[in-house]
Amino acid sequence: MLSRLTPYWLWALMALPGFGILMSLINATDATAIHEALHPTGEFGARFMIIAMLASPLALVFKGWRGPRWLKKNRRYFGVAAFFYALAHTVLYLVDLGTVQKVMTDLPKFYIWTGWIAFLIFVPLAVTSSDYFVRKMGRNWKTLQRTTYAAAVLTLLHWAALHDWGGLPGALVHFVPLGLLEAYRVWYWYLRPRPQVA
C-alpha cells in the first residue's frame, strides 16, 4: 500500500516549497517579490537535482542499505521536480527582466549563460523521463541521462558566480558532498587497486 502511495506523497512533499513561493507571489504588494522568488526556485531546482544524482554513489557506499535503494527507485521524480523548479526559476527571471532587450544584454554574463545551458540540458532529460521513453530509447536513454553531469557543473558555476562570486559558499555547501561521493565512485570503479589473479 505504501509503495503505491509513494509517488503521491513524494510529489506533495516536493511541491511544498513551490507552494510557499507561489503564496508569497500571490500575497506580494510590490514587484520585488518576483525577484526575491528567483533564488529559492533556483536553489530547490539544484537541491532536487543533487538528491537525484546522489542515488548511485550512496548505493555504492552504503551497500545493502534501503535508503539508497529507495532513492534509486524514485530518483526520476526528483529529477523532474528539479526541472520544474528550474523552469519556474527561468520564467521568473524572464518576467523580472521584462523585455527581450534586457534578456539579450544579460546573456553574455558568465552566470547567465551557464544557467541557460544548464536549463537547456534539463529539457530533454525531463521530456524523456517517463517509462515510455526508457523503453523506447533503450541504452540511448542512459547515455542521455549522463548529460546531467554537465548540467550539474553548469548549475554549480551559475550559482557560484552570482553577485561577483558571492554565491560560491552556498554552492559549495550543496555540491561538495556530491562531488566527493562521485569522486569515490570513480575511484571505486576505475582507480582502486585490483587483487592480482594468480
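From a predicted model like this one, the values you see are computed outputs, not experimental measurements. (Residues numbered from 1 in each chain as written. Predicted model: local features only at pLDDT ≥ 70, side-chain atom pairs only at ≥ 80, totals over all residues. Heavy atoms only, no water.)

## Considerations on the nonpolar core
Counting 34 residues, the largest nonpolar core has Phe48, Met49, Leu54, Phe78 and Phe175 as its most contacted members. Listing elements by their share of this core, those giving two or more residues are helix 1 (2-26), helix 3 (38-61), helix 4 (66-97), helix 6 (110-127), helix 9 (148-160) and helix 11 (168-191). With nine residues, helix 3 is the largest single contributor of residues to this core. Residues in contact with methionine 49, not counting those within four places in the same chain, are Ala82, Phe122, Thr148, Ala151, Ala152, Thr155 and Phe175. (Core = buried A, V, L, I, M, F, W, Y, C linked by side-chain atoms within 4.5 Å. Buried < 20%, exposed > 50% of the residue type's maximum accessible area, 1.4 Å probe, protein only. Helix = DSSP H or I, 4+ residues; strand = E, 2+ residues; numbered from the N terminus. Contact = heavy atoms within 4.5 Å.)

## Structural notes on the packing of helix 9 against helix 11
Pairs of packed helices are described in terms of their axes, by the angle between the two and the distance that separates them. Interaxial distance between helix 9 and helix 11 falls to 9 Å at its minimum, and their mutual angle equals 155°. By the criterion of interaxial angle, the relationship of helix 9 to helix 11 is roughly antiparallel. Crossing geometry of helix 9 relative to helix 11 is assigned as left-handed. On helix 11, the residues that touch Tyr149, Ala152, Thr155, Leu156, Trp159 and Ala160 of helix 9 are Leu168, Gly170, Ala171, His174, Phe175, Glu182 and Arg185. The residue makeup of the contact of helix 9 with helix 11, split by class, is eight nonpolar, three polar and two charged. (Axes fitted to C-alpha atoms, helices over the stretch in contact; angles between N-to-C directions. Parallel < 35°, antiparallel > 145°, perpendicular 65-115°, else oblique. Left-handed = near helix turned anticlockwise from the far one by under 90°. Nonpolar A, V, L, I, M, F, W, Y, C, P; charged D, E, K, R; others polar.)

## A short note on the layout of surface pockets
The volume enclosed by the largest pocket comes to roughly 840 Å³. Around the largest pocket, the lining comprises 25 residues; the ones closest to its centre are Ser56, Arg75, Trp141, Gln145 and Arg146. At the level of elements, helix 3, helix 4, helix 6, helix 8 (139-145), helix 9 and helix 11 are the ones that each hand at least two residues to the lining of the largest pocket. Element by element, the count of residues in the lining of the largest pocket is highest for helix 4, at seven residues. Across the lining of the largest pocket, the residue classes break down as twelve nonpolar, five polar and eight charged. Lining of the second largest pocket is provided by 27 residues; of these, Leu38, His89, Tyr111, His158 and Leu162 occupy positions nearest its centre. Among the secondary structure elements, those contributing two or more residues to the lining of the second largest pocket are helix 3, helix 4, helix 6, helix 9 and helix 10 (162-165). (1 Å grid on protein atoms, 1.4 Å probe; cavity = no way out; pocket = protein on both sides within 12 Å on 5 of 7 lines; lining within 4 Å. Points joined across faces, edges and corners; volume = space filled by probe spheres on them.)

## Examining the environment of glycine 179
Among the secondary structure elements, glycine 179 is positioned in helix 11. For glycine 179, a relative accessible area of 38% translates into the label partly exposed. Spatially, the C-alpha atom of glycine 179 lies 9.9 Å from that of isoleucine 50, the residues being 129 residues apart in sequence.

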